[in-house]
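The primary structure of each chain is shown beneath.
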Amino acid sequence: MDAVEALRNLVSFPFDVHRVCHLIAVFCLVNLVLKITKLFISRKQSIKVLEAFPGPPPHWLYGHVHEFHQDGTDLDKTVNWAKQYPYCVPLWFGPFVSFLEINHPDYVKTILATTGNGLLVADGQKWFRHRRLLTPGFHYDVLKPYVKLVADSSNIMLDKWEKLAGKEESMEVYQHVSLMTLDSIMKCAFSYHSNCQTESGTNSYISAVYELCNLTNTRFRYFPYHIDIIFHLSPHGYRFRKACKLAHGHTEQVIKQRKETLQDGKELFKIQKKRYLDFLDILLCARDEHDKGLSDEDIRAEVDTFMFEGHDTTASGISWILYNLAANPEHQQKCRDEVQAMLAGKDTMDWEDLSKIPYTTMCIKESLRLNPPVPGIARKLTKPMTFCDGRTLPEDVFH
Ligand code: HEM
């Protein structure tokens, strides 16, 4: 007796199981054909739109993905294309995903003056409301106590380096700096003390954050993963969901714990007396003119953005600053002299000291200019756009 017959005998369905399975299969097939047709129609439309913007010829399947080798030359390649094709370069990631990479300031001006959905920024209305509710989080008075917290995290990193310095001639600092900035953002924004710098391999939340960063990068570079269903059914998709669940669980736990300590949303002054005000307090207590706060889901999304955006950019920026100073010892010496003169025997800097090291500040800014932690931003157009030279883009095209 086959499985279907057994099932039939077990529960006397009023319908034919074979027929239902057949219908489901046909439905899936039609759906698949529709999806593929849609992809090809959108590819045709993008090719037509991008005809006005010449660029390096794409491979029919890989697009330009095979041009990027992840060996440190990727940015140079983009810079060379920008020289060859001033204003903008059309780029294909696989056969269906295209971007128009904008280089010229006049083009950038047009983009930044209009609204669109970004990878980090939410869509227009929502973005506006959230930014207004979160503005108090960036007030100087909120930021001031963070100097001490960042100094504490840096000291943990320096202690580690002191032990390593005797053993190694040179070392990769990025991983250390990245853990230090993650430690700092968690302390400053969420008052969460994780010991992540000393137990980085065992902290499941930290492992999940790194796993998500790596998997996002893999998904972007491997074009079949651009199709949601393929990614979600793949082993990488499974790992992504698992890491997401873990990271979200952790964020929710932090939010829950804090909610329990805040009986109502108008107790900011009490918090200020107990400890410094953090980003989570501001998220939980934020109210708009209708006395409406952010939903739990919104709060979690803001916390996740902050956690990632707050540690990855600063880690990259600081690592490059250290590298550029090491590569220019005369400037490094000037910075060291300036900082030591300002400290005058103190072992750590205060908020007021930050404005007393102009030469070091200039070196930091120059390093951020030479090696920007965010070398590009993305927008999806929500309405058609015309550039200064008359070329146009319709809505719903990435660039
Ligand atoms: C050197 C350090 C940093 C650089 C270069 C940097 C750069 C940027 C850039 C270019 C954007 C705009 C993205 C877009 O328009 O699509 C952005 C957005 C954002 N950054 Fe940073 N960032 C840095 C540090 C931080 C830190 C420390 C935090 C949090 C503690 C943070 C939180 C955010 C958030 C929340 C957004 C989205 C803002 C919005 O919704 O308008 N960033 N950042």
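Residues numbered from 1 in each chain as written. Predicted model: local features only at pLDDT ≥ 70, side-chain atom pairs only at ≥ 80, totals over all residues. Heavy atoms only, no water.

Novice: Sorry, what's going on with the packing of helix α11 (residues 235–261) against helix α14 (residues 296–327) here?
Specialist: Each packed pair of helices is defined by two parameters, the angle between the axes and the distance between the axes. It is the contact of α11 with α14, at a shortest axis distance of 10 Å, that shows an interaxial angle of 115°. In this structure, α11 meets α14 at a crossing whose hand is right-handed. Contacts between α11 and α14 involve His248, Thr251, Glu252, Ile255 and Lys259 on the former and, on the latter, Asp296, Ile299, Arg300, Val303 and Asp304. In terms of residue class, the contact of α11 with α14 is built from three nonpolar, two polar and five charged. (Axes fitted to C-alpha atoms, helices over the stretch in contact; angles between N-to-C directions. Helix = DSSP H or I, 4+ residues; strand = E, 2+ residues; numbered from the N terminus. Left-handed = near helix turned anticlockwise from the far one by under 90°. Contact = heavy atoms within 4.5 Å. Nonpolar A, V, L, I, M, F, W, Y, C, P; charged D, E, K, R; others polar.)

Novice: Explanation requested: the coordination of the iron atom of the ligand in the structure shown.
Specialist: In ideal tetrahedral geometry, four donors around a metal make angles of 109.5 degrees, whereas ideal octahedral geometry with six donors gives angles of 90 or 180 degrees. No protein donor other than Glu309 (OE) coordinates the iron atom of the ligand, and that contact is at 2.4 Å. Among the structural elements, Glu309 can be located in helix α14. (Donors = N, O, S within 2.8 Å, 3.2 Å for Na, K, Ca; no water.)

Novice: What exactly am I supposed to notice about the side chain of His311 here?
Specialist: Among the structural elements, His311 can be located in helix α14. When its relative accessible area of 1% is taken as the criterion, His311 is described as buried. Among the polar contacts made by the side chain of His311, one reaches the main-chain carbonyl oxygen of Met307 at a distance of 3.1 Å. If sequence neighbours within four positions are ignored, His311 has contacts with Ser178, Thr181, Leu182, Ile185, Val209, Tyr210 and Phe306. (Buried < 20%, exposed > 50% of the residue type's maximum accessible area, 1.4 Å probe, protein only. Polar contact = N/O pair within 3.5 Å; in protein donor to acceptor, adjacent residues only side chain to side chain.)

Novice: Can you help me understand the site of the ligand in this one?
Specialist: Taken together, 12 residues form the shell around the ligand, and within it Trp127, Arg131, Glu309, Thr313 and Arg379 come nearest. Arg379 places a side-chain nitrogen or oxygen 2.8 Å from an oxygen atom of the ligand. Among the elements of the structure, α5 (124–134) and α14 are those that each provide at least two residues to the shell around the ligand. Here the shell around the ligand gets four residues from one element, more than from any other, and that element is α14. A per-class count over the shell around the ligand returns seven nonpolar, two polar and three charged. (Near = heavy atom within 4 Å.)

Novice: Explain the nonpolar core to me, please; I cannot follow it from the model alone.
Specialist: The tendency in soluble globular proteins is for nonpolar side chains to be buried side by side. Membership of the largest hydrophobic core comes to 28 residues, with the highest contact counts inside it found for Met186, Phe190, Leu280, Leu283, Ile299 and Val303. Sorting elements by how many residues they give to this core places helix α8 (residues 174–190) first, with six residues. If we skip the residues at most four places from it in the chain, Phe190 touches Ile185, Val254, Arg258, Asp278, Phe279, Leu280, Val303, Phe306 and Met307. Core analysis: the next-biggest nonpolar cluster, separate from the first, contains 13 residues, Val49, Phe53, Leu381 and Leu393 among them. (Core = buried A, V, L, I, M, F, W, Y, C linked by side-chain atoms within 4.5 Å.)

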